[in-house]
Amino acid sequence: MVSSWATTAFVSVQSGYRARIEEPFDKFDELYDKPWTRLGPYLVGMITGWLLFKTKGRIRMPISVVLLGWALSLLCLVSLVYGLLHQKLGVATSAAYVSLGHTAWGLALGWIVVACYTGHGGYINQLLSFRALQPLSRLTYCAYLLHPMIQVLTSYQMDGPLHLHNALVLTLYFGNMVASFLLAFLVSLAFEAPIVRLLKIVISPRSKNGD
């Protein structure tokens, strides 16, 4: 994880990157979609899963720790999404932002997972556990993998630039989201669900009567 932070910060400084909301795709290839920038949240997810597995969810926390954890988690999420709105970062601060931001996002989500799993989720746990959302929750990873292709194919069909404003961005967002989940549903039915079912048959232990 430390090597991921250091590598990302080094590349950011070397390229003179300055994080600005006006140029969200600046240095996209160097700093956004490379594996070393993604290692931090991946490891946070592994550690979170290991912690819950080893403790079986029996983690006792005083109310002060719970309140502090929720406050820091929500503050971190809001800061990472909206923190650049009125800020102009320099090269050094941009390197810190881009190198630590993904890991901080993973830590904030990791806290939500731990809090909900251990009974400290409250209304947020009720919302995330709402049964009507379960079908969509099974498609989220597939939609995550497919949505860039939908966006790229859509942009390739355009014959000119768009003059963006909030209403248009919101419309494009929901259009891409619906298309991504519809395609994810078809891909899941065709590939993911059958393969998962076959793996369960192969891996699951046989019953004592030999069935």
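Small disclaimer: the values here were computed from a predicted structure and weren't measured. (Residues numbered from 1 in each chain as written. Predicted model: local features only at pLDDT ≥ 70, side-chain atom pairs only at ≥ 80, totals over all residues. Heavy atoms only, no water.)

## Some thoughts on the pattern of salt bridges
Pairing between side chains becomes possible if they bear opposite charge and their charged atoms approach one another. Applying the stated rule across the entire model yields three salt bridges. Of the charged contacts, one joins R20 and E23 as a salt bridge, the two residues approaching to 2.6 Å between their closest N and O atoms. Given the relative accessible area of 33%, R20 is considered partly exposed. The partly exposed category is assigned to E23, whose relative accessible area is 34%. D26 is paired through a salt bridge with K27; the nearest N and O atoms lie 3.5 Å apart. With a relative accessible area of 24%, D26 lands in the partly exposed category. (Salt bridge = Lys/Arg side-chain N within 4 Å of Asp/Glu carboxyl O. Buried < 20%, exposed > 50% of the residue type's maximum accessible area, 1.4 Å probe, protein only.)

## As for the packing of aromatic side chains
All told, the structure shown has four aromatic pairs when counted by the stated rule. Seen from their ring centres, W70 and W111 are 6.3 Å apart, and the 80° between their planes marks the pair as edge-to-face. Of this pair, W70 sits in helix α4 (residues 63-82) while W111 sits in helix α5 (residues 91-117), and the two are 41 residues apart along the sequence. Considered together, W70 and W111 belong to a single accessibility category, that of buried residues. Look at Y173 and F174: their rings are 5.2 Å apart centre to centre, the planes differ by 75°, and that puts the pair in the edge-to-face class. Residue class for F174 comes out partly exposed when judged on its relative accessible area of 42%. Note that R38 overlies the ring of Y32, its terminal NZ or CZ placed 4.4 Å from the centroid. (Phe/Tyr/Trp six-rings, centres within 6.5 Å; stacked < 30°, edge-to-face > 60°. Helix = DSSP H or I, 4+ residues; strand = E, 2+ residues; numbered from the N terminus. Lys NZ or Arg CZ within 6 Å of the ring centre and 35° of its normal.)

## Regarding helix α1 (residues 2-14)
A rise of 1.5 Å per residue sets the reference length of α1, with its 13 residues, at 18 Å; its end C-alpha atoms lie 18 Å apart and thus fit the reference within 8%. Looking at α1, one finds that the buried residues are S4, T8 and S12. The arc enclosing the buried residues of α1, seen along the axis, measures out at 60°, which places them on a common side. In α1, the exposed residues that point more than 90 degrees away from the buried face are V2, F10 and Q14. On the buried face of α1, the contacting elements are α2 (28-31), α3 (35-55) and α5. Backbone geometry just downstream of α1 places G16 in the positive-phi region, at approximately 65°. (Expected span 1.5 Å × (residues − 1). Arc of directions from axis to C-beta. Contact = heavy atoms within 4.5 Å.)

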